[in-house]
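Structure assessment
Chain by chain, the residues:
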Amino acid sequence: WVEGAHAADLPVGDPLLHLKARHLAQALGRPDPEPSGGWLARFGARRDLPFKKPPAEKGDAEQPTAEHWAGAVLPGLLRTYAPSEIYACGETGVLFPAGSPGKGESAGERLTLLLCANADGSEKVPLRAVGEHPRPHCLWGVNLGQMPWSYRAGSDAGVTAPLFAEWLREFNEGMQRQGKSVLLLLAKHETHPYLQLSNVRMVFVPPATALVQPLDRGIAGDLKGHYRRRLLRRLPAEHGTGQPTLLDALHTLAQAWGDVRPGLIASCFRAAGFSPDAGTEAPAPNSLGREQPEHQELMDEELECDGADGDEGTAEDEDAGEPAAVQPCPSEQEVWGCLATLRRYLECRATSPDLFQAFYELEDAMHVVSAS
């Protein structure tokens, strides 16, 4: 464990070693007494381990520059992996609209999203959303293991070290099932623990403004743009059914993540220098991809301008002799109600997250028909 931490250039001090020793002893069924300073010194001497001081205590001469890492270390790492085996992960925050919150929800609640994708855009790992509440009322009865997203509760709706470690293990299991050994690039942060994993090699990117991660090059902004567009399209269509819940927001985010094009992801990796064929600039993000703090006001304006009563949809009797069993054309409100019922059925009974992709496509098709 110590060698792995050193390989990742992580500081390993006395408190962390004592804590790890206790955990290993408990896992082995040997609850030894509290490790002493002498034990630590003997352990280091036997293994010839030079314990690193924290970065704050290091001199500037000992710190590898970001330019050296980007120009010498990173290219060597990238050459040993195919683009489909190079992943980057990071976090971003979103809000879902203020309205009448249900139990375990607050108006305008913030969510932290954990995003991860590979360098050629061929795989976008399902979203992990972190909110404030352990089990919101709207998630009761939902088969959470079969959703195209996952939800966890964290302090102040933020990703904590235990939550990130859980996600890392699940990501590693996913790579095991695919038979892939991959490189995972991520920012060095106190909530990002280093783990020795069988199929994932973790590499921490030095903090520097010159090294902008792919997710910050436009991927996260594009996701947020699609998310806002879908929310604005969804709200007028559902007048009378209340404001979106956390569950609605999670489905909308999954759809928005699916809208992010593989080509844009690959361009952002190249622009960040995180791809073997780096150098191509990322496309300029469109207006939907830019950060817009005023997005809540934009939603309100759209709602005020939309007078959206659904079509009455009552069929006229063109032929007096037409059988009475002919059903009238349903109104838009009835159609959206049926879609909500179908989605709820899938939330409770789905056997695979893939079923939701078909549902999302059906929902998009209904939006097109409604707008025509």
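Whatever comes next refers back to the structure up there.
The following paragraphs examine the structure supplied in this document. None of these values were measured; they are calculated from a predicted model.

What follows deals with the sheet that holds strand E3 (residues 127-131). Here we have 6 strands laid out as an open sheet, ordered E4-E3-E2-E1-E5-E6, and mixed in their pairing. The sheet is open, and its two borders are formed by strand E4 (149-153) and strand E6 (200-205), each paired with just one other strand. Ignoring which end each strand starts from, the neighbouring axes of this sheet average 25 degrees apart. Direction of pairing for strand E5 (residues 182-187) relative to E6: parallel, over a ladder of 6 bridges. Its bridge partner lying in E6, Leu185 is registered against Val203. Where helix H5 (residues 161-178) meets the sheet, it contacts strand E1 (86-95), strand E2 (110-118), E3, E4, E5 and E6, and its direction lies at approximately 160 degrees from that of E5. Its contacts with the sheet place helix H8 (residues 262-272) against E1 and E2, and it is angled at close to 80 degrees to E2.

The subject of this paragraph is the pattern of salt bridges. Considering all chains together, one arrives at 12 salt bridges under this definition. For Arg128, the salt bridge is made with Glu170, and the minimal N-O distance between the two is 2.5 Å. Taken together, the positions of Arg128 in strand E3 and Glu170 in helix H5 put the pair 42 residues apart, joining distant regions of the chain. A relative accessible area of 4% places Arg128 in the buried class. The exposure class of Glu170 is partly exposed, given its relative accessible area of 31%. Through salt bridges that share partners, Arg229, Arg230, Arg233, Asp259 and Asp364 make up one connected network.

Conventions and cut-offs
- Residues numbered from 1 in each chain as written.
- Predicted model: local features only at pLDDT ≥ 70, side-chain atom pairs only at ≥ 80, totals over all residues.
- Heavy atoms only, no water.
- Pairing = 2+ DSSP bridges.
- Helix = DSSP H or I, 4+ residues; strand = E, 2+ residues; numbered from the N terminus.
- Axes fitted to C-alpha atoms, helices over the stretch in contact; angles between N-to-C directions.
- Contact = heavy atoms within 4.5 Å.
- Salt bridge = Lys/Arg side-chain N within 4 Å of Asp/Glu carboxyl O.
- Buried < 20%, exposed > 50% of the residue type's maximum accessible area, 1.4 Å probe, protein only.

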